[in-house]
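Residue-level listing of the chains:
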Amino acid sequence: MDIEETAERIRTGDRRALARAITLAESSRADHRERAEALLAVLLPATGGSVRLGISGPPGVGKSSFIEAFGSRLIEEGHRVAVLAIDPSSRVTGGSILGDKTRMERLARSPEAFVRPSPTGGSLGGVARRTREALLLCEAAGFDVTIVETVGVGQSETAVADMVDLFLLLLPPAGGDELQGIKKGVVELADLVVVNKADGDLLASARRAAAEYQSALRMLRPTTADWQVPVLQVSAREERGLDEVWQAVGRFRAALGEAGLARKRAAQARAWMWSEIDDSLIRAFRAHPAVAARLAEAEAAVSEGRQPAATAARELLAAFLGRT
Ligand SMILES: Nc1nc2c(ncn2[C@@H]2O[C@H](COP(=O)(O)OP(=O)(O)OP(=O)(O)O)[C@@H](O)[C@H]2O)c(=O)[nH]1
């Protein structure tokens, strides 16, 4: 099938065409990459129309339950919701956080939702690129809310925050010691903090935790001017507080403004281009025969203190550029 036809199918909401295009984008085969890029080039004008949400939180906080409940609520309101995941650790476990579809049963069954597990394998940079491309493809297919989930294991939160409009941090109904486990850097990325499990016996702790998080957040510089990060309480299980989360998303978008959102997305696109350049250059560098031939010796010379690192790097670069 040619690119134009595939693009047209995606634009008209053909889910199989969308799924296949994402598979292409996830492939590391050069011809697949080429096709995926050609497809994205054609579809680019049809992208940008979704509210892009990043969601992260420590394991067990209830991310799947929250996305299932929140996504279903949005669908009731007439939205179309795509859920993508970033999970660079999945190559270790062989599974992925969204691989187990039963965890988002309702969404997985809904014709108004599209749930895509994390691409397996590769570096965080690679997984992030493929997820960005998948996000654009989902937008072209008419999904007006795109959710990128990541399990809170460090660097992946930054990768997600760099591709979404709003980063939502889901936290457990406990403060103090348990809060210590959450990296400060991750809290600093949050545009919205949501305490889950505010129900039953946990209600009082959720309330306490929310107050603690709120005062801790006051110490931080806001992610966006004119925006004080709110702390909300929800119960994914009882499906409570979900409308308030969506309203907060709307308020955040309003605080950003059209121009602010456009600037944010433009900066993200530029940063993405540079990370592509970084990745491609490093790959080309390592694969270059003259570099490959000298790399082991250069590393040994630097580790044993026989050569300054800067000199070794300069010599390798000269070999890469064919100047030796
Ligand atoms: N009481 C209560 N329990 C909840 C709520 N949401 C999720 N849980 C429970 O919390 C546990 C973890 O939920 P998941 O949705 O699997 O959590 P997760 O953060 O996606 O987990 P991982 O992705 O495996 O880290 C499950 O036992 C859920 O039943 C809630 O709103 N209230």
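Residues numbered from 1 in each chain as written. Predicted model: local features only at pLDDT ≥ 70, side-chain atom pairs only at ≥ 80, totals over all residues. Heavy atoms only, no water.

With an unreviewed UniProt entry as reference, the protein is termed Methylmalonyl-CoA mutase metallochaperone MeaB, source organism Tistlia consotensis USBA 355. In its Catalytic activity (unreviewed entry) section, the UniProt record describing the protein reads: "GTP + H2O = GDP + phosphate + H(+)". (UniProt positions renumbered as here; feature names shortened; annotations may be inferred.)

Q: Go over the site of the ligand with me, naming the residues and quoting the values.
A: Close to the ligand lie 14 residues, the nearest being Gly62, Lys63, Ser65, Asp199 and Ala236. Residue valine 61 places a main-chain N or O atom 3.3 Å away from an oxygen atom belonging to the ligand. Taking 650 Å² as the accessible area of the ligand by itself, protein coverage stands at 73%. By residue class, the composition of the shell around the ligand is three nonpolar, six polar and five charged. (Near = heavy atom within 4 Å. Polar contact = N/O pair within 3.5 Å; in protein donor to acceptor, adjacent residues only side chain to side chain. Areas by Shrake-Rupley, 256 points an atom, 1.4 Å probe, with all protein chains shown as cover. Nonpolar A, V, L, I, M, F, W, Y, C, P; charged D, E, K, R; others polar.)

Q: Got a sec to walk through the pattern of salt bridges? Specific residues and values, please.
A: Tallying each qualifying case throughout the model produces 19 salt bridges. Two residues, glutamate 112 and arginine 80, come together in a salt bridge whose shortest N-O distance is 3.3 Å. Of this pair, glutamate 112 sits in the loop between helix 6 (105-109) and strand 3 (113-115) while arginine 80 is found in the loop between helix 4 (63-76) and strand 2 (81-86), placing the two residues 32 residues apart along the sequence. Residue glutamate 112 is classed as partly exposed on the basis of its relative accessible area of 31%. We classify arginine 80 as partly exposed; its relative accessible area is 21%. The partner of arginine 106 in a salt bridge is glutamate 239, and the shortest N-O contact between them spans 2.6 Å. Placement of arginine 106 in helix 6 and of glutamate 239 in the loop between strand 7 (231-233) and helix 12 (242-287) is noted, with a sequence separation of 133 residues between them. (Salt bridge = Lys/Arg side-chain N within 4 Å of Asp/Glu carboxyl O. Helix = DSSP H or I, 4+ residues; strand = E, 2+ residues; numbered from the N terminus. Buried < 20%, exposed > 50% of the residue type's maximum accessible area, 1.4 Å probe, protein only.)

Q: Mind laying out helix 14 (residues 309-320), listing which residues take part and the relevant values?
A: With 12 residues, helix 14 should reach 16 Å at 1.5 Å per residue; the first-to-last C-alpha distance of 16 Å fits that figure. Buried residues along helix 14 sit in contact with helix 12 and helix 13 (289-303). Glycine 322 sits one or two positions beyond helix 14 and adopts a positive phi of about 70°. (Expected span 1.5 Å × (residues − 1). Contact = heavy atoms within 4.5 Å.)

Q: Run through the nonpolar core, naming residues and quoting values.
A: If you look at the biggest cluster of nonpolar residues, it comprises 50 residues, and the most contacted ones within it are Phe66, Ile147, Leu168, Leu192 and Val245. Each residue touching valine 245, except ones within four places of it in the same chain, is listed here: Phe66, Phe70, Leu168, Leu192, Val194, Leu232 and Val234. (Core = buried A, V, L, I, M, F, W, Y, C linked by side-chain atoms within 4.5 Å.)

Q: An account of the packing of helix 4 against helix 12 is requested, with residue identities and associated values reported.
A: In the contact formed by helix 4 and helix 12, the axes pass within 10 Å of each other and the chain directions differ by 75°. Looking at the two axes, helix 4 sits roughly perpendicular to helix 12. Of the residues in helix 12, those in contact with Phe66, Ala69, Phe70, Arg73 and Leu74 of helix 4 are Leu242, Asp243, Val245 and Trp246. Class assignment for the residues of the contact of helix 4 with helix 12 results in seven nonpolar, no polar and two charged. (Axes fitted to C-alpha atoms, helices over the stretch in contact; angles between N-to-C directions. Parallel < 35°, antiparallel > 145°, perpendicular 65-115°, else oblique.)

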